[in-house]
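Here is how the chains run, residue by residue.
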Amino acid sequence: MKLHYWRASPHACKVLAVVHHLGLKDILEHNPIHPWEKETPLPSLNPLGKVPVLECDEDFSPLFDSGVICEYLASKANDPKNLFPKDLSARIKALRLQALGDGMMEAAVLHVVEQHARPPILQSSDWLERQRLKLENALHFLENHVLELQIETPTIGDIAIVIALSYMNFRLPSYVWHPAYPSLTAWFEKMLRLPEIAESLPKEMHTMPEKMDRLEN
Ligand SMILES: N[C@@H](CCC(=O)N[C@@H](CS)C(=O)NCC(=O)O)C(=O)O
């Protein structure tokens, strides 16, 4: 199996965390591709031109997006750790959390791109505020639903949320959310101690492609 990804992409990090969690690390080949780089095979693998993409030995390969890849990997491994719970209520809660985490990643990425990849004259403060509000509302929701969050047996939802929060810390360090959300912060700090999460946090790792003058996301 080959994972096309970028190490600073939160959606790709979610997949990496699931790979580590399921113990599939050693059977995965890694292929770093920056999604904004020109002339890559990415559009032929995913018409949306986004990472992550998984190539595997199945008739439905290549696979995108991150949610589909995670579900495939968990099913293939018989989901030994119940990342996608069987019980309906638990499953829908986990999928809803995953949707929230994915949306937070998207809002944070849009914020970062607007602020750092566009010339200041073209930046929209309304757009930045719209993304910030999504993050703020998501944090409120999580603080109020903190009892749904797990640590010992994390679901795909927990993994999506911890990676989304890590990405915010990584790329939006001036957005200090922790003091206003103490229960969420306590959960987050415990999750960061899990080896599969610690190994998969968004970070700068690969050399940027030549002639790339935009910020990686
Ligand atoms: N829904 C997708 C989102 C993936 C995504 O937004 N990837 C970003 C990097 S974090 C990307 O490749 N962006 C390139 C682009 O938008 O053209 C998933 O869950 O995989």
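Everything here concerns the structure above.
The rules behind these values
Residues numbered from 1 in each chain as written. Predicted model: local features only at pLDDT ≥ 70, side-chain atom pairs only at ≥ 80, totals over all residues. Heavy atoms only, no water. Helix = DSSP H or I, 4+ residues; strand = E, 2+ residues; numbered from the N terminus. Contact = heavy atoms within 4.5 Å. Buried < 20%, exposed > 50% of the residue type's maximum accessible area, 1.4 Å probe, protein only. Expected span 1.5 Å × (residues − 1). Polar contact = N/O pair within 3.5 Å; in protein donor to acceptor, adjacent residues only side chain to side chain. Arc of directions from axis to C-beta. Phe/Tyr/Trp six-rings, centres within 6.5 Å; stacked < 30°, edge-to-face > 60°. Core = buried A, V, L, I, M, F, W, Y, C linked by side-chain atoms within 4.5 Å. Domains from an automatic or database assignment. Near = heavy atom within 4 Å. Areas by Shrake-Rupley, 256 points an atom, 1.4 Å probe, with all protein chains shown as cover. 1 Å grid on protein atoms, 1.4 Å probe; cavity = no way out; pocket = protein on both sides within 12 Å on 5 of 7 lines; lining within 4 Å. Sits in = over half its atoms within 2 Å of the grid points. Nonpolar A, V, L, I, M, F, W, Y, C, P; charged D, E, K, R; others polar.

**Brief notes about the environment of V53**
Summarising the element assignment, V53 is placed in strand β3 (residues 53-55). Sequence spacing of V53 and H11 is 42 residues, and the spatial spacing of their C-alpha atoms is 10 Å. For V53, the contacting residues outside a window of four places in its chain are K2, L3, H4, L42, L45, N46, P62, L63 and I69.

**What to know about the environment of N137**
Tracing the sequence through the fold places N137 in helix α5 (residues 125-144). Given a relative accessible area of 46%, N137 falls into the partly exposed group. For the pair N137 and M205, spaced 68 residues apart in sequence, the C-alpha separation works out to 31 Å.

**Structural notes on unusual backbone geometry**
Each neighbour pair has its own omega, and for V51 with P52 the value is 5°, a cis peptide bond. Summarising the element assignment, P52 is placed in the loop between α2 (42-45) and β3. For the bond running from F64 to D65, omega is 0°, close enough to zero to count as cis. By the secondary structure assignment, D65 is in the loop between β3 and α3 (66-76). Not every positive phi belongs to a glycine, and N78 is a case in point at roughly 60°. Under the relative-accessibility criterion, N78 is labelled exposed at 66%. The phi torsion at N82 lies on the positive side, around 60°, for a residue other than glycine. Following the sequence through the fold, N82 ends up in the loop between α3 and α4 (88-117).

**With respect to α4**
The end-to-end C-alpha separation of α4 is 42 Å, in line with the 44 Å expected for 30 residues at 1.5 Å each. For α4, the N-terminal capping position is held by D87, with its side-chain oxygen 3.3 Å away from the main-chain nitrogen of S89.

**Things to note about helix α7 (residues 182-191)**
Within α7, burial applies to L184, T185, W187, F188 and M191. Down the axis, α7 shows its buried residues gathered within 165° of arc, on one side only.

**Looking at the packing of aromatic side chains**
One pass over the full model with this rule turns up 3 aromatic pairs. Each ring, one from Y167 and one from F170, has its centre 6.2 Å from the other, and the planes form 65°; the classification is edge-to-face. You can see Y167 and its partner F170 sitting in helix α6 (residues 156-171), 3 residues apart, about one turn around the helix. You can call Y167 buried: its relative accessible area is 0%.

**A look at the nonpolar core**
Core analysis: the largest hydrophobic core is formed by 57 residues, its most contacted members being M104, L165 and W187. Elements that contribute at least two residues to this core include exactly β1 (2-5), α1 (10-21), α3, α4, α5, α6 and α7. In terms of residues, this core owes the most to one element, α6, which gives 10 residues. Among the domains, domain 1 (2-76) and domain 2 (88-198) are the pair contributing at least three residues each to this core. Contact partners of L165, with chain neighbours within four places excluded, come to M104, L139, W177, L184, W187 and F188. Judged by nonpolar contacts, the second largest core, of 7 residues, contains I33, L42, V51 and V53.

**Overview of the site of the ligand**
Residues in close proximity to the ligand total 12 residues, the closest being S9, K50, V51, D65 and S66. Separating a nitrogen atom of the ligand from a side-chain N or O atom of D65 is a distance of 2.9 Å. One nitrogen or oxygen atom from the side chain of S66 is found 2.6 Å from an oxygen atom belonging to the ligand. Bound to the protein, the ligand loses 79% of the 510 Å² it would expose on its own. Assessed atom by atom at 2 Å from the grid points, the ligand resides in the largest pocket. Considering only residue class, the shell around the ligand consists of 5 nonpolar, 5 polar and 2 charged.

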